Amino acid sequence: MTNYDDFLELVKYRRSIRKYRPDPVPDDYIIKILDAARYAMSGGNSQPWEFIVVKDSATRKKLYDAYVEGDFEKMLNIEQMRVIDYRHPGLRIPYEERDKALAMATGWKEAPVIIAVLKDPRKQWGSVLVAHERPDLAVLAATMGHLSMMLQLAAASLGLGSNRVDVSVQAPYRAVLGYPEPLLLDILVPIGYRATEPGPPHRLNLDEQVHHEKYDMSKYMQHKDFLKYIERIRVLGQPGYQV
Ligand SMILES: Cc1cc2nc3c(=O)[nH]c(=O)nc-3n(C[C@H](O)[C@H](O)[C@H](O)COP(=O)(O)O)c2cc1C
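Definitions and cut-offs
Residue indices begin from 1 for each chain and proceed along its sequence in written order. Local features in this predicted model are restricted to residues of pLDDT 70 or higher, and side-chain atom pairs are both shown and tallied only at a pLDDT of 80 or more, whereas totals for entire chains, interfaces and linings draw on every residue. Hydrogens and waters are ignored; side-chain quantities use all the structure's heavy atoms. Space inside and on the surface of the protein is sampled on a 1 Å grid over the protein atoms alone, with a cavity defined as a set of points where a 1.4 Å probe fits but cannot get out and a pocket as an open set with protein on both sides within 12 Å along at least 5 of 7 lines; lining residues have an atom within 4 Å of a point. Grid points are joined across faces, edges and corners, and a volume is the space filled by probe spheres set on the points. Strands here mean DSSP runs of E at least two residues long; helices mean DSSP runs of H or I at least four residues long; both are numbered from the N terminus. Gly is placed with the polar residues, together with every amino acid not listed as nonpolar (Ala, Val, Leu, Ile, Met, Phe, Trp, Tyr, Cys and Pro) or charged (Asp, Glu, Lys and Arg). Axis lines are fitted through C-alpha atoms, for helices just across the contact stretch, and the angle between N-to-C directions can take any value from 0 to 180 degrees. Each angle gets one of four labels, with under 35 degrees taken as roughly parallel, over 145 as roughly antiparallel, 65 to 115 as roughly perpendicular, and the rest as oblique. Here a crossing is taken to be left-handed if its near helix is turned anticlockwise relative to the far helix by less than a right angle, and right-handed if that turn runs clockwise. Note on contacts: a residue pair is in contact if any heavy atoms of the two residues lie within 4.5 Å. We call a residue near a molecule or strand whenever a single non-hydrogen atom of that residue lies within 4 Å of it. Two N or O atoms form a polar contact when they lie within 3.5 Å of each other; inside protein one atom must be a possible hydrogen donor and the other a possible acceptor, and for residues adjacent in sequence the pair counts only when both atoms belong to side chains. Only the protein chains shown count as cover for residues, and the accessible areas themselves come from Shrake-Rupley with a 1.4 Å probe. Cavities and pockets are treated as containing a molecule whenever more than half of the molecule's atoms lie within 2 Å of their grid points.

### Some remarks on the layout of surface pockets
Moving on, step 1. Counted as a void, the largest pocket has a volume near 860 Å³.
Moving on, step 2. Every residue lining the largest pocket is counted, 34 residues in all, and those nearest its centre are Ser16, Arg18, His88, Pro89 and Tyr241.
Moving on, step 3. Listing elements by their share of the lining of the largest pocket, those giving two or more residues are α3 (57-79), α4 (98-105), β4 (165-166) and α8 (226-237).
Moving on, step 4. Partitioning the lining of the largest pocket into residue classes produces 15 nonpolar, 10 polar and 9 charged.
Moving on, step 5. Taken as a whole, the second largest pocket holds about 280 Å³ of empty space.
Moving on, step 6. Lining the second largest pocket are Leu204, Glu208, Gln209, His211, Lys219, Tyr220, Met221, Asp225, Lys228, Tyr229 and Arg232.
Moving on, step 7. In terms of residue count, the dominant contributor to the lining of the second largest pocket is α8 (3 residues).

### Considering the packing of α3 against α4
Moving on, step 1. With their axes 11 Å apart at the nearest point, α3 and α4 run at an angle of 120° to one another. Between α3 and α4, the crossing angle belongs to the class labelled oblique. For the pair α3 and α4, the crossing hand works out as right-handed. Judged by residue contacts, Tyr64, Tyr67, Val68, Phe72, Glu73 and Leu76 of α3 engage Arg98, Ala101, Leu102 and Ala105 from α4.

### Some details on the site of the ligand
Moving on, step 1. All residues adjacent to the ligand are Arg14, Arg15, Ser16, Arg18, Asn163, Arg164, Val165, Asp166, Arg203 and Tyr241.
Moving on, step 2. In this structure, an oxygen atom belonging to the ligand sits 2.8 Å away from a side-chain N or O atom of Arg15.
Moving on, step 3. Taking Ser16, its side chain carries an N or O atom lying 2.6 Å from an oxygen atom of the ligand.
Moving on, step 4. For the ligand, whose unbound accessible area comes to 620 Å², protein coverage reaches 63%.
Moving on, step 5. Because more than half of its atoms lie within 2 Å of the grid, the ligand is assigned to the largest pocket.
Moving on, step 6. A per-class count over the shell around the ligand returns 2 nonpolar, 2 polar and 6 charged.

Set out below in structure tokens:
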């Protein structure tokens, strides 16, 4: 058993890394990461994940192109609806500075390994049926979130950086990776040695988030304070996007 201090150190060391050195990562590290990650909890122990380990540089480039043409352009354009100060930290720039936003969103293109994490929606039916009545708790998404965290903690334990690159379109990736219907690509996880150290993680104060015995209304975020909250998390989130 590990102890709390070591655990907390690992938890804080894991960060969303957005710039990588191209140096190769040993194959057995990748297997170790996948081996540890599959112990993630899953609804009904359904284990709906599969992995494609991509090392080939031509394939990685195709994944990058698929991301830029599909997900990045969509994300950048939709985010233009928001006042700049309230935009996602990676997209807080005028549209004309698109290339800067692109560099922030795709620092993973230098990573020597990309793990494409697939999910098989059929397998989530292995979970308890009543869970499927709850759209607020998408079982498959929740399960895949646990897996993502385990992958990243395992990478961090080996001194490696990782991140999750979320995708919303499937066709371009399916064309590159050849996974069949009804499987879906959940996320791309770049793995590699860190080219930058992101500094300490930025989090809100624990005291604001914890209540004892009963909800403490003095900690309730009034509607009028919502924009102040967004400003706070944007400031906290910004350093992670400097590349
Ligand atoms: C559901 C989810 C989706 C995310 N999607 C992305 C993403 O597409 N690209 C990215 O660079 N980071 C993504 N992140 C990482 C968050 O931005 C990051 O966890 C947060 O800013 C805190 O920073 P840290 O992970 O370094 O502690 C995602 C995180 C979660 C939990």
